[in-house]
Amino acid sequence: MSARWNRIIALVPRAAIVVHDLFMVWACWQLLHAGRYSILPDAPALPLWNVDTSLVLGIQALVFWRVGLYRGLWRFASVADLINIFKASFIGLVAIVLTLMWKRFDGVPMSVLVIYPFALSALLGAPRLLYRAWKDYQSVQSDTSGRRVLILGAGQAAEALVRDLRRSGEFDPVGLLDDAPHLQGAKLQGLPILGTLDDAAAVARETSAKLIVIAIPSLDAVGMQRVVGLCESTGVPFRTVPKLTDILQGQSLPGQLKEVAIEDLLGRKPIQPDWSLIRNWLGGRTVLVTGAGGSIGSELCRQCARHGAGRIVLLEMSELLLLTIEAELCRSFPDIEVEAVLGDCGDPAVIRHALSLHRIEAAFHAAAYKQVPVLERQLREAVRNNILATENVARACMEAKVEHFVFISTDKAVDPVNSLGASKRYAEMICQSLDQKSTHTRFVTVRFGNVLASAGSVVPLFRDQIMKGGPVTVTDPEVTRYFMTIPEACQLILQAAASASHGAIYTLDMGEPVPIRVLAEQMIRLAGKQPYKDIAIIYTGLRPGEKLHETLFYSDEDYRPTSHPKVLEAGVRTFSRDLVLGNVPKLRDAITTYDIEAIQQILFATMPEFDPLQQDAYIPSANVVPFPAREANR
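These numbers were taken from a predicted model, which means no experiment stands behind them. (Residues numbered from 1 in each chain as written. Predicted model: local features only at pLDDT ≥ 70, side-chain atom pairs only at ≥ 80, totals over all residues. Heavy atoms only, no water.)

Visitor: How should the packing of aromatic side chains be read in this particular structure?
Guide: Given two aromatic rings, their pairing is described by the distance between the two centres and the angle made by the two planes. In this structure the tally under the stated criterion is six aromatic pairs. Aromatic side chains F86 and F90 sit 6.5 Å apart centroid to centroid with 25° between the ring planes, which places their arrangement in the stacked category. Here F90 and F86 lie together in helix α3 (residues 79-100), a separation of four residues that amounts to about one turn. Note on F86: relative accessible area 33%, which makes it partly exposed. Plain terms: the ring middles of F604 and F610 are 5.4 Å apart, the flat faces sit at 35° to each other, and that makes the pair tilted. (Phe/Tyr/Trp six-rings, centres within 6.5 Å; stacked < 30°, edge-to-face > 60°. Helix = DSSP H or I, 4+ residues; strand = E, 2+ residues; numbered from the N terminus. Buried < 20%, exposed > 50% of the residue type's maximum accessible area, 1.4 Å probe, protein only.)

Visitor: I tried to follow the sheet that holds strand β7 (residues 286-290) on my own but got confused; where do I start?
Guide: Whether parallel or antiparallel, the strands of a sheet pair through hydrogen bonds between backbone atoms. Strand order in the open sheet made by the nine strands is β9-β8-β7-β10-β11-β12-β17-β21-β20, with mixed pairing throughout. Of all the strands in the sheet, just β9 (337-342) and β20 (560-561) have a single pairing partner and so form its edges. The pairing of strand β17 (residues 505-508) with strand β21 (residues 567-570) spans four bridges and is classified as antiparallel. Residue pairing in the sheet places L508 in a bridge with V567 of β21. The strands that helix α11 (residues 319-332) touches are β8 (311-316) and β9; relative to β9, the one it contacts most, it runs at about 175°. Across the sheet, helix α15 (residues 419-437) touches β11 (404-410), β12 (442-448) and β17, and the angle it forms with β11 is around 155°. (Pairing = 2+ DSSP bridges. Contact = heavy atoms within 4.5 Å. Axes fitted to C-alpha atoms, helices over the stretch in contact; angles between N-to-C directions.)

Visitor: Help me out: how do you make sense of the pairing of β12 in this one?
Guide: Within a regular strand, side chains alternate between the sheet's two faces. Within β12, six of the seven residues are buried, which leaves it mostly tucked inside the rest of the structure. The pairing of β11 with β12 spans seven bridges and is parallel. Residue pairing for β12: V406 is matched across the bridge by V444. In this sheet, β17 lies alongside β12 in parallel orientation, the contact comprising three bridges. Pairing of T445 across the sheet is with I505, part of β17.

Visitor: It is not clear to me how helix α10 (residues 295-306) should be interpreted in this structure. Could you clarify?
Guide: Along an α-helix, a turn takes 3.6 residues, which lines up residues three or four apart on a common side. Given a rise of 1.5 Å per residue, 12 residues ought to cover 16 Å, and the 17 Å separating the end C-alpha atoms of α10 matches this to within 8%. Every buried residue belonging to α10 is among S295, I296, G297, S298, E299, L300, C301, R302, Q303, C304 and A305, and all of these are buried. At the exit of α10 stands G308, carrying a positive phi of roughly 115°. (Expected span 1.5 Å × (residues − 1).)

Visitor: What should I look at first to understand the nonpolar core in this one?
Guide: Across soluble globular proteins, you tend to see nonpolar side chains buried next to one another. One finds I296, I312, L314, F364, F448 and I493 to be the most contacted residues of the largest nonpolar core, which totals 46 residues. The dominant element in this core, judged by the number of residues it contributes, is helix α17 (residues 486-499), at nine residues. In this structure, I296 is in contact with A366, I408, F448, V451, I486, A489, C490 and I493, ignoring residues within four places of it in sequence. Counting residues in each nonpolar core, the second largest holds 45 residues, with V341, A396, M398 and F407 among its members. (Core = buried A, V, L, I, M, F, W, Y, C linked by side-chain atoms within 4.5 Å.)

In short, geometric facts, not functional conclusions.
Below is the structure:
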């Protein structure tokens, strides 16, 4: 009984709105007739109710229901609701005209019909807007005890933010700042625009703001760096509104405030892949991802699921990571079949088993060891996991006639001076060698730089050091690295796989290399601290195997453009395919006996450019011209 009463009570407000709207229809019809007849000396008396009035009310009620007028809420009435009201009024007029044609409009003046939709729209829209204005006024009056917020920006994002902050009841917007000259002195949602962005420090003091929110989602990296600097000068905590892409990808919620991320300040716009090409290539395919639980592998699984893969086979040696990514995919993409395989992709039986589960059409080999300092002391494991496991997976895919094999490499494979770079370069050459032998499988290599927030990368390390109060450790004041985000890395992989030529190596325009010292300083500032004052930065010297600067291509790789403006393809370098493949069994024998000296000799013989002795004073011989200059010189 109580549930029935609750449902009845819930219908009362909606019923009141229906009664209101029908009353307005009746009032509009009566007032238009009264106004028309008032100019006639012998005007007939207008009855309060007749057949015509009944027809008009019935027709208009049906139209209101069909148009969906009662799905909107008065509290949030907007221009879209007014448009819907006018559409319902106009459709109602057409239906009324068609209905009254049988009596040749006897007793219904044409002037009434012409004015009817406009008058009815005004009578229905005005109460809704007045109600919203009253509720907004109430929220303003009730929010004065909330946290005082100063908003940077006075566009659509700021307008929506003001509404959200007032509705939350926890914040009290006190004003806005914007650089547009025509907005100075104006008001937005009743809030004054108090000056330009450069006035942030003074205005924050005058308004006693306790929080600054950046509501300019269109800012590029340079603009964001400027705004962040202004926010830091105020000494007030600051947040930003999420970008539309973050909301659509499920990384943020609408109206949610988030901290400014370091990727917002990197100075490079995210790439925009050719999604139609990727979806046409990926749609319905069965894909295998090795290292599926890692930073790159797990995001690659998400991207494949999001953009049309029909089935995903996960291969991962960590049971916890495998369980985590399998559960996430099943929860987020219930229509996609997910098959999980626990094991080491360097084990021939494991990869054969994974390939036998389904007809695999594309394989993404993301499994690898990647920590430079660790691998410098663990050459055997670098070779076993990064070279021999890659050869095992690649050859098994070739034998199973997998259509595409995508190997994920690194910029450290260019002129390698460490175990990671050498092992990845050898694996690149294995893929290019097998590509020449294969008639069914297309081997592709994707090469990129450091990935932000990946496991073991510098950004999580700096963040942890900052949280502990420092110091932040940087190897060298001059050291630089190329950076990209995890989603960008995976989008590049899919873009390259969808448009790849045989044996190609692709790399992404990652903009200018970022000084690690600058990265550390920016992260400290984003944490609300001052570098060298609140948090110390100390320089520890380059670690074993580390370069001062990374490069993206060998000088003789003869890079060339692709169909995507942000992706370049490297030409295949001259090397002995027979030597590369012939030394693989020798490496397996050396791995079995744990003969580090033999492993080193094989690597030196296969890759003359590998010279770890240069690591302490490394000067790159490769071409390090940034992508924009390359494109200009084509």
